[in-house]
Amino acid sequence: QVHLVESGGGLVQAGDSLRLSCAASGLSSYAVGWFRQAPGKEREFVSTISWSGATTNYADSVKGRFTISRDNSKNTVYLQMNRLKLGASGVYYCAARPHTIEMTAMSYPCWGQGTQVTVSS
């Protein structure tokens, strides 16, 4: 189990950029996923990265605009979000799991408390 802490959320305008961070001691051994949840909606997959950083995956809605990366020396995973759209608002959660990357929330046993991202027009 790892204790995940997200940061970097905030209020931005559509078209702006934002970088989220997910930090935890020992995170370098885990695959990490980012998920977001808008009010009244289910938690949805955004992106994931393997423990080494060699493998990544993205939801179709963010491909080409979001980039996931990690710095294992800092036990931190990042989500760079560019050209943010109005529909990107929500609470962004990072999650960790041992072994391979997955795109379903139920595959991740460890979750952070989330960071709010609000995109305004």
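Draft legend 1. Seen up close, the sheet that holds strand β8 (residues 76–81). Across the sheet, four strands lie side by side as β1-β3-β8-β7; this open sheet has antiparallel pairing. The strands lining the two open edges of the sheet, one partner per strand, are β1 (5–7) and β7 (66–71). Between one strand and the next, the sheet's axes are offset by a mean angle of 15°, whatever the strand orientation. In this sheet, strand β3 (residues 18–23) lies alongside β1 in antiparallel orientation, the contact comprising three bridges. Residue pairing for β3: V5 is matched across the bridge by A23.

Draft legend 2. Structural context of the nonpolar core. In terms of nonpolar packing, the biggest core is built from 33 residues, with L4, L27, W34, L79, M81 and Y92 touching the most fellow members. Put simply, the parts of the chain that give this core at least two residues each are β3, β4 (31–37), β5 (44–49), β7, β8, β9 (90–97) and β11 (115–120). Per-element accounting of this core gives the leading share, four residues, to β9.

Draft legend 3. Structural detail: the state of the cysteines. Scanning all chains against the criterion turns up one disulfide. Across the disulfide, C22 is cross-linked to C94 (sulfur-sulfur distance 2.1 Å). Judged by the torsion about the S-S bond (65°), the C22/C94 disulfide is right-handed. Note that C22 is positioned in strand β3 and C94 in strand β9, a separation of 72 residues in sequence. When its relative accessible area of 0% is taken as the criterion, C22 is described as buried. The thiol of C110 is unpaired, and the distance to the nearest cysteine sulfur, on C94, comes to 10.0 Å. Among the residues examined, C110 registers a relative accessible area of 3% and is labelled buried.

Draft legend 4. Quick look at the pattern of salt bridges. Scanning the entire structure with this criterion turns up two salt bridges. With a closest N to O distance of 2.7 Å, R36 and E44 form a salt bridge. E44 gets classed as partly exposed once you look at its relative accessible area, which sits at 37%. Note that D60 is salt-bridged to K63, the shortest N-O span being 3.2 Å.

What counts as what
- Residues numbered from 1 in each chain as written.
- Predicted model: local features only at pLDDT ≥ 70, side-chain atom pairs only at ≥ 80, totals over all residues.
- Heavy atoms only, no water.
- Pairing = 2+ DSSP bridges.
- Helix = DSSP H or I, 4+ residues; strand = E, 2+ residues; numbered from the N terminus.
- Axes fitted to C-alpha atoms, helices over the stretch in contact; angles between N-to-C directions.
- Core = buried A, V, L, I, M, F, W, Y, C linked by side-chain atoms within 4.5 Å.
- Buried < 20%, exposed > 50% of the residue type's maximum accessible area, 1.4 Å probe, protein only.
- Disulfide = S-S within 2.5 Å.
- Salt bridge = Lys/Arg side-chain N within 4 Å of Asp/Glu carboxyl O.

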